[in-house]
Amino acid sequence: MTHDLSIIALVQQADVIVQSVLALLVLASIGCWGIVIDKLFTIGRLRRAAAALRRRVDTEHEIDVIPADPARPIVEAGLAQWRAVDHEESRAECRDRIERAMRRAAGEVVRRRELGLPFLATIGSAAPFVGLFGTVWGIMNSFTSIASSQDTSLAVVAPGIAEALFATAVGLVAAIPAVMAYNKFSTDLRRINQTFITAIGQMAEHLSGTRRGAAAARREAAE
């Protein structure tokens, strides 16, 4: 008797537990790819916004203009503190106040882009073990079949072993892209955050100098 060892046949012939494991892994893989596609666009847009902000503060070109991109909350936070005039504070205090507000805003912007990454990490670490569970369960069923049929020929053993190993393969197919994507996006977000921090420091320095210069000019005019 010949056995159909195609993927569809293996899934159809598998135990209900193994089928449940395979279905769970497929759904997890679909969810991971949905997150990956979303992050490619959102993190890419954030990277461009960080680079644009860095270029603006490097050239001091329209530094007080609020951009229409993901960096908008960061610039708004800095300008709000810049407009909060306190004639008693030093330039260093003014700079520190502006920088703290912008760093908080940048942290929130980056954290919003981290949504979904814990799911990738969970699938990357758990999927191989879920697949292994399906494999162990399938092998147990294979040995049970061998014992009941009292036939140890390859024709009897091969289908059950193939079904079991397929669960491990699906687990790895779900886990490997999830781990790679998690590492990539985590690294990208750290680099973007560092770019924001550099730009924030320069922008805070420029704004505090502008504010202190304007305040000095007003005091001289009043005198």
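Residues numbered from 1 in each chain as written. Predicted model: local features only at pLDDT ≥ 70, side-chain atom pairs only at ≥ 80, totals over all residues. Heavy atoms only, no water.

Undergrad: Sorry, what's going on with the environment of Arg 56 here?
TA: Note that Arg 56 resides in helix H2 (residues 16-59). With relative accessibility at 17%, the residue Arg 56 sits in the buried group. Taking the C-alpha atoms as reference, Arg 56 lies 8.5 Å from Ala 199; in sequence the two are 143 residues apart. (Helix = DSSP H or I, 4+ residues; strand = E, 2+ residues; numbered from the N terminus. Buried < 20%, exposed > 50% of the residue type's maximum accessible area, 1.4 Å probe, protein only.)

Undergrad: I'm lost on the packing of aromatic side chains in this one. Help?
TA: Describing an aromatic ring pair means giving the distance of the ring centres and the angle of the ring planes. This structure, assessed with the given rule, holds one aromatic pair. Measuring from centroid to centroid gives 6.2 Å for Phe 133 and Trp 137, while their planes differ by 40°, and the two rings are tilted. Pair noted here: Phe 133 and Trp 137 are both in helix H5 (residues 117-149), with a separation of four residues, about one helical turn. Residue class for Trp 137 comes out partly exposed when judged on its relative accessible area of 30%. (Phe/Tyr/Trp six-rings, centres within 6.5 Å; stacked < 30°, edge-to-face > 60°.)

Undergrad: Can you walk me through the side chain of Asp 188 in this structure?
TA: Position of Asp 188 relative to the elements: it lies in helix H6 (residues 154-222). In this structure, Asp 188 is in contact with Ile 43 and Arg 47, ignoring residues within four places of it in sequence. (Contact = heavy atoms within 4.5 Å.)

Undergrad: Looking at this structure, how should I read the confidence of the model for the chain?
TA: Per-residue confidence for the chain averages 82 on the pLDDT scale, and 81% of its residues sit at or above 70. Taken element by element, the predicted model of the chain shows its lowest mean pLDDT in helix H1 (residues 7-13) (67) and its highest in H2 (91). Across residues 213-223, where pLDDT falls below 50, the model places five contacts with residues more than four positions away in sequence or in other chains. (pLDDT = per-residue confidence, 0-100.)

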